[in-house]
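Tertiary structure, described
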Amino acid sequence: MKKSKLERAVIFVTGGAGFIGSNFIRYMFKNTAFKGKIINYDKLTYAGNLANLEDVAQKYGKTRYVFVKGDICDYKKVFHTLKKHAVTIIVHFAAESHVDRSICGPKDFIETNVHGTFTLLEAVRALWLCSPDKRQATDNKQSYYRFHHVSTDEVYGSLGGTGSFSETTPYDPRSPYSASKAASDHIVRAYFHTYGLAVTISNCSNNYGPYHYPEKLIPLLILNALEGKSLPVYGDGKNVRDWLYVEDHCCAVWEILRKGRPGETYNVGGNCEMKNMDVVHAVCRRLELARPAAANPALKGRKYADLVTFVKDRPGHDRRYAINASKIKRELGWKPAHDFEGGLKAAVQWYLENGGWVKKIKDASYALWLKKNYRRR
Ligand SMILES: NC(=O)c1ccc[n+]([C@@H]2O[C@H](COP(=O)([O-])OP(=O)(O)OC[C@H]3O[C@@H](n4cnc5c(N)ncnc54)[C@H](O)[C@@H]3O)[C@@H](O)[C@H]2O)c1
């Protein structure tokens, strides 16, 4: 992609008020040569919160950052927003993303992850591909039109004790979440092969870091531990995940936008396989250093590790994920800048220093819960 065009582009980020999307927007403004504009298009579900981007809105809100509340399933709104802002790059994060929720209620996952991705692609096809001059622009290797789809390693299914997922590993999703992401990956790829849309896809391992919604493992452990609540561990705690600090994922997406080839998929991972139990103990150790349990009245004399509680395993719980990220390293020169200890130290510190954010998120999700459950009273 031509650098100058990319650096001045209008980027449409879906799901920019969520965990990774908000980190990506901040990363683009703070850490890259990007000088263009970002349209953050987000429905603000329970997982999306504008508190994640208060600093960005304050600094760039009048010039280079625009928030639009909208659903990716709303074709008219997507189309008009893309047209109004002359968008040429899409980075698609918006999704229902929590596996446990997909087990209790898969409908929203199919709706947003499958139908929403299809709707976005249709709007883009109508805008970018339907006039002959634009068609040429996307065919050109130097094209500055790009649809980047953010996906997960969970599409590949579960591994045994050895091996890792590469870009050619056959898809074998097991949960409604991973099945919906797998479906969306296939649809995105179809738009490349069928219509010549300039797409790229990244399949990334588990992220952690600032602004992570408290239902996910690492923030849940940190916040529960600080409050002296139990630290739930599924099954025997030996399920393995490959962890990546969120800023490294943001950097990978930026490198794919800069140097990735249309039609290609890139696996992104931290080369950091850990059993869930080891993650729990690493969080406890880190908290003992940063805020010792002995000085935390909520612990009532216990250590953080005393709070570990084994709970019934999740149905269809994949045993092990591991990512082979050699393609993005070799072809695009990306590699993670954080190891797990360094990333975890930064994440724990962030949660300790951002109690105000945690309160806002918890208050907002409580308000949402009340609205949903007491609508008719
Ligand atoms: N979190 C991870 O570890 C991880 C790993 C690999 C890939 N991914 C993928 O990265 C993306 C972002 O994940 P995340 O953890 O930031 O998710 P998240 O749940 O924190 O954020 C999702 C965002 O999408 C928005 N959204 C949901 N439905 C929408 C709709 N219909 N229209 C518009 N906006 C909508 C939400 O309001 C929220 O802001 C997802 O596509 C996910 O599959 C996540």
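Details of the structure are given in the entry above.
Residues numbered from 1 in each chain as written. Predicted model: local features only at pLDDT ≥ 70, side-chain atom pairs only at ≥ 80, totals over all residues.

**Regarding the site of the ligand**
Surveying the vicinity of the ligand reveals 31 residues, the closest of which are G15, G18, A47, G48 and A95. Broken down by secondary-structure element, the contributors of at least two residues to the shell around the ligand are α2 (19-31), α6 (107-129), β5 (146-152) and β7 (206-208). Of the residues that constitute the shell around the ligand, the class distribution is 13 nonpolar, 13 polar and 5 charged. (Near = placed C-beta within 6 Å. Helix = DSSP H or I, 4+ residues; strand = E, 2+ residues; numbered from the N terminus. Nonpolar A, V, L, I, M, F, W, Y, C, P; charged D, E, K, R; others polar.)

**Notes on the sheet that holds strand β11 (residues 273-275)**
Ordered by their spatial adjacency, 3 strands build an open sheet running β7-β9-β11, and the pairing between neighbours is mixed. Every interior strand has two partners, whereas the edge strands, β7 and β11, have only one. Neighbour to neighbour, the strand axes of the sheet diverge by 50° on average, direction disregarded. Sheet analysis places β7 next to strand β9 (residues 240-245), joined by 3 bridges and oriented parallel. The partner of N206 across the bridge, within β9, is W243. (Pairing = 2+ DSSP bridges. Axes fitted to C-alpha atoms, helices over the stretch in contact; angles between N-to-C directions.)

**Here's the deal with the nonpolar core**
Among the nonpolar cores identified, the biggest contains 93 residues, and V13, F24, A225 and V283 are the most heavily contacted of them. The leading source of residues in this core is helix α10 (residues 246-259), at 8 residues. Sequence-distant contacts of A225, defined by excluding residues within four places in its chain, comprise L231, V283, C284, L287, Y304 and L307. (Core = buried A, V, L, I, M, F, W, Y, C linked by C-beta atoms within 7 Å. Buried ≥ 20, exposed ≤ 12 C-beta atoms within 10 Å, placed from the backbone. Contact = placed C-beta atoms within 7 Å.)

**Section: the pairing of strand β4 (residues 89-92)**
In β4, alternate side chains face the same way, and those of I89 and V91 on one face and I90 and H92 on the other are all buried. Both strand β1 (residues 10-14) and β4 contribute to a ladder of 4 bridges, which runs parallel. Note that in β4 the partner of V13 across the bridge is V91. Direction of pairing for β4 relative to β5: parallel, over a ladder of 4 bridges.

**Section: the environment of Y208**
Here Y208 lies in strand β7. Along the sequence, Y208 and F24 sit 184 residues apart, while their C-alpha atoms lie 13 Å from each other. Those residues within four positions of Y208 in sequence are excluded, and the remaining contacts are I218, W243, Y245, V246, G343 and A347.

**Quick notes on the packing of helix α9 (residues 217-226) against helix α11 (residues 276-290)**
Relative orientation of the contacting elements α9 and α11 amounts to 45°, with a least axis distance of 10 Å. Taken together, the axes of α9 and α11 lie oblique to each other. In terms of crossing hand, the pair formed by α9 and α11 is right-handed. Listed contacts from α11 to L217, I218, L221, I222 and A225 of α9 are V279, V280, V283, C284 and L287. When grouped by side-chain class, the residues that make up the contact of α9 with α11 number 10 nonpolar, no polar and no charged. (Parallel < 35°, antiparallel > 145°, perpendicular 65-115°, else oblique. Left-handed = near helix turned anticlockwise from the far one by under 90°.)

**Considering α10**
Counted at 1.5 Å a residue, the expected span for α10 with its 14 residues is 20 Å, and the 20 Å between its end C-alpha atoms agrees. When you tally the buried positions in α10, you get 12 out of 14 residues, the bulk of the element. Those residues of α10 that sit buried are V246, E247, D248, H249, C250, C251, A252, V253, W254, E255, I256 and L257. (Expected span 1.5 Å × (residues − 1).)

**Quick notes on unusual backbone geometry**
Trans is the common state for peptide bonds, and a negative phi is the common state for residues other than glycine. Positive phi is not limited to glycine here, since A86 has a value of about 50°. Position of A86 relative to the elements: it lies in the loop between α4 (75-84) and β4. The phi dihedral of Y211 falls on the positive side, at around 65°, and the residue is not glycine. Tracing the chain through its elements places Y211 in the loop between β7 and α9.

**Quick notes on the sheet that holds β5**
Two strands in a sheet stick together by hydrogen bonds in their backbones, pointing the same way (parallel) or opposite ways (antiparallel). With parallel pairing, 7 strands are arranged side by side in an open sheet as β3-β2-β1-β4-β5-β6-β10. Sheet topology places β3 (65-69) and β10 (265-268) at the edges, where each strand pairs with a single neighbour. Adjacent strand axes in the sheet meet at a mean angle of 20°, parallel and antiparallel pairs treated alike. Across 6 bridges, the pairing between β5 and strand β6 (residues 199-204) is parallel. Bridging across to β6, H149 finds its partner in I201. Sitting on the sheet, helix α8 (residues 176-195) is in contact with β5 and β6, with an inclination near 155° to β5.

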